[in-house]
Amino acid sequence: MAQLGALVLSNDEEFRRRASAVLRAGAVPIGILEERQVTTGASEPDLVFVDVRVDAPAGLASIERVRADHASTIIFAIAGATEPDLILQAMRAGANEFFTWPPEEEAFRGAIRRAASRREGALASARQPSRTTLFFGAKGGAGTTTIAVNCAVELARHGGRPTVIVDLKPGLGEAALFLGIRPRFSVLDAIENIHRLDREFLRELLARHKSGLEVLAASDQFDRPGPQDAGAVEELFRILARTHDHIIVDAGNSIGSCTLAALYAADSIFLVTNPDVPSVRNAQRLVERVRQLGAGAERVQVILNRTADHLLIGPKQIEAALGYRIEHTFPSDYAVVSAALNSGVPLTMTNHSELAAQFSRFTSAILDGREPPAPAAPEKKRAFRGPLYGALRGLCSRYRIAVLGAHSAPARERRGA
Ligand SMILES: Nc1ncnc2c1ncn2[C@@H]1O[C@H](COP(=O)(O)OP(=O)(O)OP(=O)(O)O)[C@@H](O)[C@H]1O
Ligand SMILES: [Mg+2]
């Protein structure tokens, strides 16, 4: 699914802020556009939210203006109350949807889904819609870069479509290093030139890997991209969605304004964790933070990296602690991973290990538009569970990991989705 661009038209700043939060919180990734971006023609809005609550004539005039300039944009008229006359006038002015504020959630989500599928339909006739897949580490060294890079290489090799990896980690990003390439430009060059970043300019900034993967390398400045760059990062993802079919993001392991902009843009957010207590505890806190930030908790999926036969915390306990199903498991194989790292040749290109096979399975599911298959919990785990379960509960309470019911809300919703 491609990210939708939404514009909120209102003189009420608090309304603009709350409407942006409501738009961003759902399952469909939505980026918020500035009015300037639309009036200068830099961005075409997919959705426009028009406030007709206080000044209906001005609101209706805005709807007419937007409709005249953007024939295929979906316009939402947002009123204070359901007034049949106002509904009629809004529809005549060109609105597609009419809601009272705050909108009834189920009906509102349905309207957003309709807008997204209309947009997909329009894009499908032009080209395959772009998909943004973001990897985020529960802690440093969880394996985020290893997974993001190998996944990106597999998508580029087998997808046969334009694929780019964006390294958002400030200062210490290693995606280019893992790929054995020396980029001349970085994310920072894209951000600093965002207003003139077109297809040709972008091509100059991207480094190419022999798999066909393109790389927007990490900034070498520790404080950039920083809070001042969040708007440009959001715009960067909208530009990439027009030029690339698969966008992979190595988002590092801390949530700043730029990570948040990327989280909003992502169709899938893979949280990479390891089967140890600190990782599970951090993963739990990050899942909660994503939920608080309203960055579409339904898009979060959990990856368990570096599993071994004898785990102190088994997949079922991790699922229970996080309230999310583990979508994919990658085994621990230090020899294979470090040989790939030292040679600069991704393991998926040279190796026939179980780890390489798992990457192939994981990316085929992304290419088919399926969720990666959830692995069955190894049989051995059951034997371990009894004696260690009490110890695990002790550890969990010491580190303040709440053990939820095995099928908590997000996991259940996702399965039903
Ligand atoms: N499945 C695995 N089996 C064995 N070792 C692994 C595996 N995945 C990652 N590693 C090793 O773990 C270390 C950290 O991996 P990586 O750099 O991908 O993690 P990261 O989360 O991106 O770290 P950082 O926080 O520094 O960005 C590396 O030495 C890598 O070789
Ligand atoms: Mg990394």
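Since we're looking at a predicted model, the values are computed, not measured.

### A closer look at the packing of helix 12 (residues 277-293) against helix 13 (residues 315-322)
Thinking step 1. Following both chains from N to C, one finds helix 12 and helix 13 inclined at 30 degrees, their axes separated by 9 Å at the closest point. Between helix 12 and helix 13 lies a crossing whose hand is right-handed. Every residue of helix 13 that contacts helix 12 at V280, A283, Q284 and V287 is listed here: I318, A321 and L322.
Thinking step 2. Class assignment of the residues belonging to the contact of helix 12 with helix 13 gives a composition of six nonpolar, one polar and no charged.

### Notes on the pairing of strand 10 (residues 246-250)
One face of the sheet, then the other: side chains in a regular strand alternate in exactly this way.
Thinking step 1. Most of strand 10 is tucked away, with five of its five residues classed as buried.
Thinking step 2. Of the two faces of strand 10, the one carrying H246, I248 and D250 and the one carrying I247 and V249 are both buried.
Thinking step 3. Where strand 6 (residues 131-137) meets strand 10, five bridges bridge the pair, whose relative direction is parallel. Counterpart to F135 in the pairing with strand 10 is D250.
Thinking step 4. In the sheet, strand 7 (residues 163-167) pairs with strand 10 via five bridges, with the strands oriented parallel. What sits directly across from D167, in strand 10, is D250.

### Considering the site of ligand 1
Thinking step 1. The full set close to ligand 1 counts 18 residues, and G141, T145, T146, K169 and D333 are the nearest of them.
Thinking step 2. Measuring from an oxygen atom of ligand 1, one finds a side-chain N or O atom of K169 at 2.7 Å.
Thinking step 3. When the free accessible area of ligand 1 is taken as 630 Å², the share hidden by the protein chains comes to 86%.
Thinking step 4. The leading source of residues in the shell around ligand 1 is helix 6 (residues 144-159), at three residues.

### With respect to the sheet that holds strand 5 (residues 97-100)
Thinking step 1. Spatially, five strands are ordered 2-1-3-4-5 in an open sheet, and the strand pairing comes out parallel. Two strands close off the open sheet at either side, each with one partner strand: strand 2 (30-32) and strand 5. Taken over all neighbouring pairs, the strand axes of this sheet differ in orientation by 25 degrees on average, direction set aside.
Thinking step 2. Looking at chain direction, strand 4 (residues 74-79) and strand 5 are connected through four bridges and run parallel. The residue bridging A79 from the neighbouring strand is T100, located in strand 5.
Thinking step 3. Against the sheet, helix 3 (residues 56-69) makes contact with strand 1 (4-9), strand 3 (47-51) and strand 4, and its axis sits at roughly 160 degrees relative to strand 3, the strand it touches most.
Thinking step 4. Across the sheet, helix 4 (residues 84-93) lies against strand 4 and strand 5, angled at about 145 degrees from strand 5, the strand it touches most.

### Topic: the packing of aromatic side chains
Thinking step 1. Throughout the structure, instances matching the rule amount to eleven aromatic pairs.
Thinking step 2. Taking the centre distance of 5.9 Å and the plane angle of 15 degrees together, the rings of F76 and F99 count as stacked. Linking F76 in strand 4 with F99 in strand 5, this pair joins segments that are 23 residues apart in sequence.
Thinking step 3. The buried category is assigned to F99, whose relative accessible area is 9%.
Thinking step 4. Relative to F362, the ring of F330 has its centre 5.6 Å away and its plane inclined at 75 degrees; by these criteria the two rings are edge-to-face. Here F362 lies in helix 16 (residues 354-367) and F330 lies in strand 13 (residues 326-331), a separation of 32 residues in the sequence.
Thinking step 5. Given the relative accessible area of 0%, F362 is considered buried.
Thinking step 6. Ring pairing ties together the aromatic residues F135, F270, F330, F359 and F362, which thus form one cluster.
Thinking step 7. Across from the ring centre of Y264, 4.2 Å away, lies the NZ or CZ of R24, which sits over that ring.

### Remarks on the sheet that holds strand 8 (residues 207-208)
Thinking step 1. The strand order across the open sheet formed by eight strands is 8-9-7-10-6-11-12-13, and the pairing between neighbours is mixed. For this open sheet the edge positions go to strand 8 and strand 13, each flanked by a neighbour on one side alone.
Thinking step 2. The sheet contact formed by strand 6 and strand 11 (residues 268-273) spans five bridges and is parallel. Following the sheet pairing, G137 is matched in strand 11 by V272.

### Considerations on the environment of R24
Thinking step 1. Assignment of secondary structure puts R24 in helix 1 (residues 13-24).
Thinking step 2. Separated by 269 residues in sequence, R24 and L293 place their C-alpha atoms 9.3 Å apart.
Thinking step 3. Setting aside residues up to four positions removed in sequence, R24 forms contacts with I30, I32, E234, Y264, G294, A295, G296 and R299.

### Details of the confidence of the model for the protein chain
Thinking step 1. When the pLDDT values of the protein chain are averaged, the result is 83; 85% of them are 70 or greater.
Thinking step 2. Taken together, the stretch residues 372-392 has pLDDT below 50 and engages in 31 contacts with residues farther than four places along the chain or on a different chain.
Thinking step 3. In the predicted structure, residues 395-417 sits below a pLDDT of 50 and forms 40 contacts with residues beyond four places in sequence or in another chain.

### Re helix 6
Thinking step 1. Between its terminal C-alpha atoms helix 6 stretches 21 Å, which fits the 22 Å expected from 16 residues at 1.5 Å a residue.
Thinking step 2. Burial runs high along helix 6: 13 of the 16 residues are buried.
Thinking step 3. Downstream of helix 6 by one or two residues, G160 has phi in the positive range, about 65 degrees.

### Examining the layout of surface pockets
Thinking step 1. Each pocket or cavity is described by its volume, and for the largest pocket that value is around 1100 Å³.
Thinking step 2. For the largest pocket, the lining is made up of 42 residues, of which L7, I32, L33, E34 and E35 are closest to its centre.
Thinking step 3. Elements with a contribution of two residues or more to the lining of the largest pocket: strand 1, helix 1, helix 2 (35-39), strand 3, helix 3 and helix 10 (230-243).
Thinking step 4. Broken down by element, the lining of the largest pocket gets its largest block of residues, seven residues, from helix 10.
Thinking step 5. Looking at the lining of the largest pocket residue by residue, the class counts come to 17 nonpolar, nine polar and 16 charged.
Thinking step 6. Among the domains, domain 1 (4-126) and domain 2 (131-416) are the pair contributing at least three residues each to the lining of the largest pocket.

Here is what the cut-offs are and how they apply
Residues numbered from 1 in each chain as written. Chains lettered and ligands numbered in written order. Predicted model: local features only at pLDDT ≥ 70, side-chain atom pairs only at ≥ 80, totals over all residues. Heavy atoms only, no water. Axes fitted to C-alpha atoms, helices over the stretch in contact; angles between N-to-C directions. Helix = DSSP H or I, 4+ residues; strand = E, 2+ residues; numbered from the N terminus. Left-handed = near helix turned anticlockwise from the far one by under 90°. Contact = heavy atoms within 4.5 Å. Nonpolar A, V, L, I, M, F, W, Y, C, P; charged D, E, K, R; others polar. Buried < 20%, exposed > 50% of the residue type's maximum accessible area, 1.4 Å probe, protein only. Pairing = 2+ DSSP bridges. Near = heavy atom within 4 Å. Polar contact = N/O pair within 3.5 Å; in protein donor to acceptor, adjacent residues only side chain to side chain. Areas by Shrake-Rupley, 256 points an atom, 1.4 Å probe, with all protein chains shown as cover. Phe/Tyr/Trp six-rings, centres within 6.5 Å; stacked < 30°, edge-to-face > 60°. Lys NZ or Arg CZ within 6 Å of the ring centre and 35° of its normal. pLDDT = per-residue confidence, 0-100. Expected span 1.5 Å × (residues − 1). 1 Å grid on protein atoms, 1.4 Å probe; cavity = no way out; pocket = protein on both sides within 12 Å on 5 of 7 lines; lining within 4 Å. Points joined across faces, edges and corners; volume = space filled by probe spheres on them. Domains from an automatic or database assignment.

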